[in-house]
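Here is what each chain is made of, one letter per residue.
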Amino acid sequence: MPSINSDIAALLPRLRRFARTITHHREDADDLVQIAVERALNRSAQWEAGTRLDSWIFRIMKNAWIDEMRSRMRRDRLFAPEEAGEHVGDEGAAAQQQRMAIQKAVSLLSDEHRIVVALVLVDGLPYKEAAEVLDIPMGTLTSRLARARAALQDLLSDTARTAR
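Undergrad: Honestly, the pattern of salt bridges in this entry has me stumped. Any pointers?
TA: Side-chain pairing between opposite charges can occur once the charged atoms of the two side chains come close. This structure, assessed with the given rule, holds nine salt bridges. Salt-bridge contacts for Asp123 lead to Arg17; the nearest nitrogen and oxygen are separated by 2.9 Å. Placement of Asp123 in the loop between helix 5 (111-122) and helix 6 (127-134) and of Arg17 in helix 1 (residues 2-23) is noted, with a sequence separation of 106 residues between them. The partner of Glu129 in a salt bridge is Arg52, with the nearest N and O atoms 3.8 Å apart. On the criterion of sequence distance, the pair formed by Glu129 in helix 6 and Arg52 in the loop between helix 2 (26-42) and helix 3 (53-71) is long-range, its members being 77 residues apart. Glu129 sits in the buried class, given a relative accessible area of 13%. When salt bridges that share partners are traced, they join Arg14, Arg17, Arg52, Asp54, Asp123 and Glu129 into one network.

Below you can see the structure in the form of structure tokens.
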């Protein structure tokens, strides 16, 4: 048991990054990581030694987020998160604007596409692992990823056109 605890602790930065990508808010991400870790620790007997712990916890996190979204009423997110303005006026303002445009574009993706982008493009999971986490066939994963990339390109090119 101490081994799985330390292995889960080592995964915390990746779990937080994944949570931030799918939730868009620091507080929601922190809550989601806490829920996922708690569920993983409570169900540690269900994890099979020799399998990928990260994939198992990512699946727990994905399912926890789906549960959370089902329990919430969908609401529009009209305002940028408060941390989006932290670096206004810095030398890297252009880079910050680009990051904000990408974050906004990712937030406009469907949940299916955003989760695939988070697992494959942000966290770097191999396609096979991501498909297992999402419990979908590999072809479905590649199709969703291709559609998500196309949607991101469209959204980002629209942003560039309106910025001119």
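Once the structure has been displayed, the description carries forward.
Undergrad: Would you explain helix 3 in this entry?
TA: Because each turn of an α-helix spans 3.6 residues, side chains separated by three or four positions in sequence point in the same direction. The end-to-end C-alpha distance of helix 3, which contains 19 residues, comes to 27 Å, matching closely the 27 Å that a straight helix rising 1.5 Å per residue would cover. Of all the residues in helix 3, the buried ones are Leu53, Asp54, Ser55, Trp56, Ile57, Phe58, Ile60, Met61, Lys62, Ala64, Trp65 and Met69.

Undergrad: What should I look at first to understand the side chain of Ser55 in this one?
TA: As for its position among the elements, Ser55 is in helix 3. The exposure class of Ser55 is buried, given its relative accessible area of 9%. If we ignore the near neighbours within four places in the chain, the residues touching Ser55 are Leu125, Glu129 and Val133.

Undergrad: Honestly, the nonpolar core in this entry has me stumped. Any pointers?
TA: Note that soluble globular proteins tend to have their nonpolar side chains buried in a common cluster. Ranked by size, the top nonpolar core spans 36 residues in total, and within it Leu15, Phe18, Leu53, Ile57, Met61, Leu119 and Leu141 carry the most contacts. For this core, the elements supplying multiple residues, two or more each, are helix 1, helix 2, helix 3, helix 5, helix 6 and helix 7 (138-163). Here the element with the most residues in this core is helix 3; it accounts for nine residues. Of all hydrophobic cores here, the second largest spans six residues; its members include Ala105, Leu109, Ala148 and Leu152.

Rules of the game
- Residues numbered from 1 in each chain as written.
- Predicted model: local features only at pLDDT ≥ 70, side-chain atom pairs only at ≥ 80, totals over all residues.
- Heavy atoms only, no water.
- Salt bridge = Lys/Arg side-chain N within 4 Å of Asp/Glu carboxyl O.
- Helix = DSSP H or I, 4+ residues; strand = E, 2+ residues; numbered from the N terminus.
- Buried < 20%, exposed > 50% of the residue type's maximum accessible area, 1.4 Å probe, protein only.
- Expected span 1.5 Å × (residues − 1).
- Contact = heavy atoms within 4.5 Å.
- Core = buried A, V, L, I, M, F, W, Y, C linked by side-chain atoms within 4.5 Å.

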